[in-house]
Number of protein chains: 2
Amino acid sequence: MSYFRPNIDQLAGYVPGEQPQVGKFIKLNTNENPYRASPAVARAITTALENGLQRYPDPLATAFRQRASALYGFPPEWILATNGSDEVLTLVTRAFVGEGELLRLPYPSYILYKTLAELQGARSEEIAFEGDWSLGDKFAAAAQGLKLAFLPNPNSPSGTVLSPERVLELAEQLPCPLLVDEAYVDFAETNCLELVKRSDKILVSRSLSKSYALAGLRFGYVFAQPHVIAGLVKLKDSYNCDALSIAGATAAIDDQAWLAETRAKIIATRGRMTERLRSLGFAPVESQANFVWAPHPAQPVKPLFEGLKQRQILVRYMNYAGWGDGLRISVGTDEQIDACLDVLAKLM
Amino acid sequence: MSYFRPNIDQLAGYVPGEQPQVGKFIKLNTNENPYRASPAVARAITTALENGLQRYPDPLATAFRQRASALYGFPPEWILATNGSDEVLTLVTRAFVGEGELLRLPYPSYILYKTLAELQGARSEEIAFEGDWSLGDKFAAAAQGLKLAFLPNPNSPSGTVLSPERVLELAEQLPCPLLVDEAYVDFAETNCLELVKRSDKILVSRSLSKSYALAGLRFGYVFAQPHVIAGLVKLKDSYNCDALSIAGATAAIDDQAWLAETRAKIIATRGRMTERLRSLGFAPVESQANFVWAPHPAQPVKPLFEGLKQRQILVRYMNYAGWGDGLRISVGTDEQIDACLDVLAKLM
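Keep in mind the model is a prediction, meaning the values are calculated, not measured.

K.L.:
In this structure, what is going on with the overall build of chain A? I would like to understand it.
P.N.:
Within chain A, the regular secondary structure consists of 11 helices and 12 strands. Over its C-alpha trace chain A gives a radius of gyration of 20 Å, about what one expects of a compact globule, namely 20 Å for 348 residues. The C-alpha extent of chain A, read off along each of the three principal axes, is 55 × 55 × 50 Å. Counting every position in chain A, which comprises 348 residues, the buried fraction comes to 54%. When contacts within chain A are restricted to residue pairs at least 6 apart in sequence, those whose partners lie at least 24 apart make up 72%.

K.L.:
I keep staring at the environment of Ile127 of chain B and nothing clicks. Help me out?
P.N.:
All names here are of chain B. With respect to the helices and strands, the residue Ile127 is situated in strand E4 (residues 123-128). Along the chain, Ile127 and Ala12 lie 115 residues apart, while their C-alpha atoms are 22 Å from each other. When residues no more than four places from it in sequence are discounted, the contact partners of Ile127 are Arg104, Pro106, Tyr107, Lys138 and Phe139.

K.L.:
How should the interface of chain B and chain A be read in this particular structure?
P.N.:
Many descriptions give the size of an interface as the accessible area lost when the pieces come together. In this assembly, 58 residues from chain B lie in contact with 59 residues from chain A. Residue assignment for the side of chain B that touches chain A shows that the elements contributing at least two residues are helix H2 (39-50), helix H4 (85-96), helix H8 (226-235) and helix H9 (243-254) of chain B. The class makeup of the residues in the side of chain B that touches chain A is 29 nonpolar, 17 polar and 12 charged.

K.L.:
Could you clarify how one ought to interpret the domain arrangement of chain A in this entry?
P.N.:
Residues and elements named next belong to chain A. Assigned domains of chain A: these are domain 1 (6-30 + 257-347) and domain 2 (39-255). The straight-line distance from the C-alpha centre of domain 1 to that of domain 2 is 24 Å. Every contact between the two is made by 24 residues of domain 1 and, on the other side, 25 residues of domain 2. At the level of secondary structure, the elements contributing two or more residues to the side of domain 1 that touches domain 2 comprise helix H1 (6-9), helix H9 (256-279), strand E9 (291-294), strand E11 (316-320) and strand E12 (324-330). Top contributing element to the side of domain 1 that touches domain 2 by residue count: H9, with 7 residues.

K.L.:
Looking at this structure, how should I read H8 of chain B?
P.N.:
Every α-helix winds through 3.6 residues per turn, so residues three or four apart in the chain are directed the same way. Those residues of H8 of chain B that sit buried are Val228, Gly231, Leu232 and Leu235 of chain B. In an axial view of H8 of chain B, the angular spread of the buried residues amounts to 95°, which keeps them on one side of the axis. Close packing links the buried residues of H8 of chain B with H1 and helix H5 (112-119) of chain A together with strand E2 (79-82), H4 and strand E7 (202-207) of chain B.

K.L.:
Which parts of the structure should I look at to understand unusual backbone geometry?
P.N.:
Trans is the common state for peptide bonds, and a negative phi is the common state for residues other than glycine. Between Asn153 of chain A and the following residue, Pro154 of chain A, the backbone shows a cis peptide bond with an omega angle of 0°. When you line up the elements, Pro154 of chain A lands in the loop between strand E5 (146-152) and helix H6 (164-173). The omega torsion of the bond from Tyr107 of chain B to Pro108 of chain B falls at -5°, within 30 degrees of zero and hence cis. Despite not being glycine, Trp133 of chain B shows a phi value in the positive range, around 65°. Within the element layout of this structure, Trp133 of chain B appears in the loop between E4 and strand E5 (146-152).

K.L.:
How do you make sense of the packing of H2 of chain B against H9 of chain B when you look at a structure like this?
P.N.:
The packing of two helices is summarised by the inter-axis angle and the distance between the axes. Residues and elements named next belong to chain B. Contact pair H2 / H9: the axes reach a minimum separation of 8 Å and the direction vectors enclose 150°. With respect to each other, H2 and H9 are oriented roughly antiparallel. As for how H2 packs across H9, the hand of that crossing is right-handed. Between H2, through Ala40, Val41, Arg43, Ala44, Ile45, Thr47, Ala48 and Leu49, and H9, the contact on the second element is made entirely by Ala243, Leu244, Ala247, Gly248, Thr250, Ala251, Ala252 and Asp254.

K.L.:
Explain the nonpolar core here, please?
P.N.:
If you look at the biggest cluster of nonpolar residues, it comprises 167 residues, and the most contacted ones within it are Leu203 and Leu214 of chain A together with Leu203 and Leu214 of chain B. Contact partners of Leu214 of chain A, with chain neighbours within four places excluded, come to Ala37, Val41, Leu208, Ser209, Phe219, Gly248 and Ala252 of chain A together with Leu53 of chain B.

K.L.:
Got a minute to help me understand the relation of the copies chain B and chain A in this structure?
P.N.:
Between the two chain copies there is a screw-like relation: a rotation about an axis and a shift along it. Each copy of the sequence occupies a distinct position, and chain B is placed on chain A by a rotation of 180° and an axial shift of 0.0 Å, giving an RMSD of 0.0 Å. Taken together, the rotation and translation relating the two chain copies correspond to the operation of a two-fold axis. Both copies contact each other with a shared surface, as 100% of the interface residues of chain B are interface residues in chain A too.

K.L.:
What is the right way to read the sheet that holds strand E1 (residues 26-28) of chain B from this model?
P.N.:
Paired through their backbone hydrogen bonds, the strands of a sheet run either parallel or antiparallel. Residue and element names in this part refer to chain B. What the 4 strands build is an open sheet, ordered E1-E10-E11-E9; its pairing is mixed. The outermost strands of the open sheet, each flanked by one partner alone, are E1 and strand E9 (291-294). Strand-to-strand twist across the sheet, computed as the mean angle between neighbouring axes with direction ignored, equals 25°. Across 3 bridges, E1 lies against strand E10 (residues 313-320) in parallel orientation.

K.L.:
Help me understand the environment of Ser163 of chain A, please; the structure alone is not making it clear to me.
P.N.:
With respect to the helices and strands, the residue Ser163 of chain A is situated in the loop between E5 and H6. Considered as a pair, Ser163 of chain A and Glu99 of chain A are 64 residues apart in the sequence and their alpha carbons are 32 Å apart.

K.L.:
Please explain the sheet that holds E11 of chain A as it appears in this structure.
P.N.:
All names here are of chain A. Strand order in this open sheet of 3 strands is E9-E12-E11, and the pairing throughout is antiparallel. Since the sheet does not close on itself, it has two edges, and those belong to E9 and E11, each with one partner. Across this sheet, the average inter-strand angle for adjacent strands is 25°, counted without regard to direction. Where E9 and E12 come together, 4 bridges link them in antiparallel fashion. Directly across from Phe291, in E12, lies its bridge partner Ser330.

K.L.:
Hey, could you run me through the pairing of strand E4 (residues 123-128) of chain A in this one?
P.N.:
Looking down a regular strand, the side chains alternate between one sheet face and the other. Residue and element names in this part refer to chain A. Relative to E4, strand E3 (residues 102-107) runs parallel, the two being bridged by 6 bridges. Paired with Pro106 across the bridge in E4 is Ile127. Viewed along the sheet, the connection from E3 through H5 into E4 turns out right-handed.

K.L.:
Explain the pairing of strand E6 (residues 178-181) of chain A to me, please; I cannot follow it from the model alone.
P.N.:
Residues and elements named next belong to chain A. Across the two faces of E6 the burial is the same, with Leu178 and Val180 and Leu179 and Asp181 all buried. Looking at chain direction, E5 and E6 are connected through 4 bridges and run parallel. Across the sheet, residue Leu151 finds its bridge partner in E6, namely Val180. Taken together, E5, H6 and E6 form a β-α-β motif whose crossover is right-handed. Pairing between E6 and strand E7 (residues 202-207): 4 bridges, direction parallel. Residue pairing in the sheet places Leu179 in a bridge with Leu203 of E7.

K.L.:
Even after reading the chapter, I still don't get helix H6 (residues 164-173) of chain B, so can you show me in this structure?
P.N.:
Residue and element names in this part refer to chain B. Among the residues making up H6, those that are buried are Val167, Leu170 and Ala171. Buried residues of H6, seen end-on, are gathered within an arc of 100° and therefore sit on one face of the element. Tucked into the core, H6 has its buried residues touching E5, strand E6 (178-181), helix H7 (195-198) and E7.

K.L.:
What is the right way to look at the environment of Leu308 of chain A in this model?
P.N.:
Residues and elements named next belong to chain A. Assignment of secondary structure puts Leu308 in helix H10 (residues 302-310). Among the residues examined, Leu308 registers 23 C-beta atoms within 10 Å and is labelled buried. Setting aside chain neighbours within four positions, we find Leu308 in contact with Ile313, Val315, Cys340, Val343 and Leu344.

Definitions and cut-offs
- Residues numbered from 1 in each chain as written.
- Chains lettered and ligands numbered in written order.
- Predicted model: local features only at pLDDT ≥ 70, side-chain atom pairs only at ≥ 80, totals over all residues.
- Helix = DSSP H or I, 4+ residues; strand = E, 2+ residues; numbered from the N terminus.
- Rg over C-alpha atoms; globule rule 2.2 N^0.38 Å.
- Buried ≥ 20, exposed ≤ 12 C-beta atoms within 10 Å, placed from the backbone.
- Contact = placed C-beta atoms within 7 Å.
- Nonpolar A, V, L, I, M, F, W, Y, C, P; charged D, E, K, R; others polar.
- Domains from an automatic or database assignment.
- Arc of directions from axis to C-beta.
- Axes fitted to C-alpha atoms, helices over the stretch in contact; angles between N-to-C directions.
- Parallel < 35°, antiparallel > 145°, perpendicular 65-115°, else oblique.
- Left-handed = near helix turned anticlockwise from the far one by under 90°.
- Core = buried A, V, L, I, M, F, W, Y, C linked by C-beta atoms within 7 Å.
- Least-squares fit on C-alpha atoms with pLDDT ≥ 70 in both.
- Pairing = 2+ DSSP bridges.
- Right-handed = clockwise from strand over helix to strand, strands pointing away.

What follows is the structure in structure tokens.
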């Protein structure tokens, strides 16, 4: 017999993109940064390591909060550091959505959101994007038990964004908090950070995994009004971030020159890649993230995904019921993308 | 207005022991190890750092699981690695206990357990230890909605243990899973690991924070039968342990000579400390952990706690309603403990 709650038993569980631990792969499937993090990160971690690990870390990651405060112009009390921005998503679900209540998300979008509702024993409701990846007022409509909405912006898999003005409109109509998941925002032209000052219903989460090339470090953070942050602090594990990741993350956001340079390289590669995908007959969506969503109007793409995989090139194949399928290809280095597209050209 | 679930709003939140980030303190309040971790840990972390952090870590910490498997004689599928053993406690609460259902814990014990029930919107029930720190059958009795029991063994603040035989008896009577929290077990003479093979109701959690001097790294793990581990995997964040902590933790448990030596030093200091506390009129409980619980039959101890704090010596003052108060003093180095006890002697 099982002692698990029924909602856990019924759940297949979220399966993240493949992370092969051995073998040489060109890995374009989980939106990692192809470049190494700022050298300042390793220096800061080495110093923290020399100071010893026998003490508990700072429960609130004060050093990071202060640096982020100076960088973004929010007082530290408006910022909570987390073990990856995945932890933000889990915390807000647990904070706002009770059993049987409703969580809203756009579709197609980050598959994890739905799993988080299921883990909580809550319901979820998907609101489809329009054909041009805009989001109608239906996303903001009242509904029985609606307690939280997730909005990835830029969205995955599309890489598209809603404008801050549109996000504010939706938030103001919504009867519940809106978590704007900005994991990819450093590759976009706009962001929603300033909206946090306008409404205590708006939370904005960030991640160091993609833009700062620190997926292995697990560090995220969320901006919200201080009473909202204080509520989330109650829920998090006492020491959710370790001493090394706090040191590394603080050094990472301190090196904005590194970010600007890496961002420019990735955006340039993204442009070349989009153009070449188009020349292969794909219908790539103009992306503001570090990946490109590439459906093909005339050809099944699953065999292409499999052919790439046979040649040790991993991309993500996604098939959204009622929407169609495509390849989501992370922006790697120019060399990686050339290798990927050369193989694709041969497979087609 | 608040958008938080009512159980979150009503909650004061768990307050961990003080972690002063500046100033020179003798820190005997949060059961940290006074010694530095094995040098193998820093070497392994440095190597992982050189390999880069741009990739996501192994979601299941396979390297750690395999090393733990060899060390403890359990297949890897019986082990789950977590972001500190606090994450185990949160995961099992979310896995087994629904809203309004019941979580059982002994009293006095780790205060966090009750907070976890409250965060989940669940009820909790405290069963008092007997005067000799044994635990009656009442702890195993059926009750409406009972879905999980926590048993810290060694217990905090007492440092006492129940024998594996007694734990098995309780587990067999219980209608729900029993999480045996062995955060302090490396300082004890017995442990309950083998019980996991006897019953899928028994889970045993461990921590590297105390015995391996790695509180700053955040690494814990839990043993349970494979179908139970598989259920917990569904609940955890995809990448709950970072690449550096996986490398460091694997190296830490690989250095059993370091553990044996450190353990011997701490147990020797614990013995001296217990004797001297007794000579000061305290009634210290014989501890199998890296702290000593010291009530005083004849004198209020809160002023002693405050006097120590004024002299930059932090211990934990705890006052359990219906049970009494005392000082919980972590086992430091001989020098730290002498300094603490010299001040105590002067204050009395």
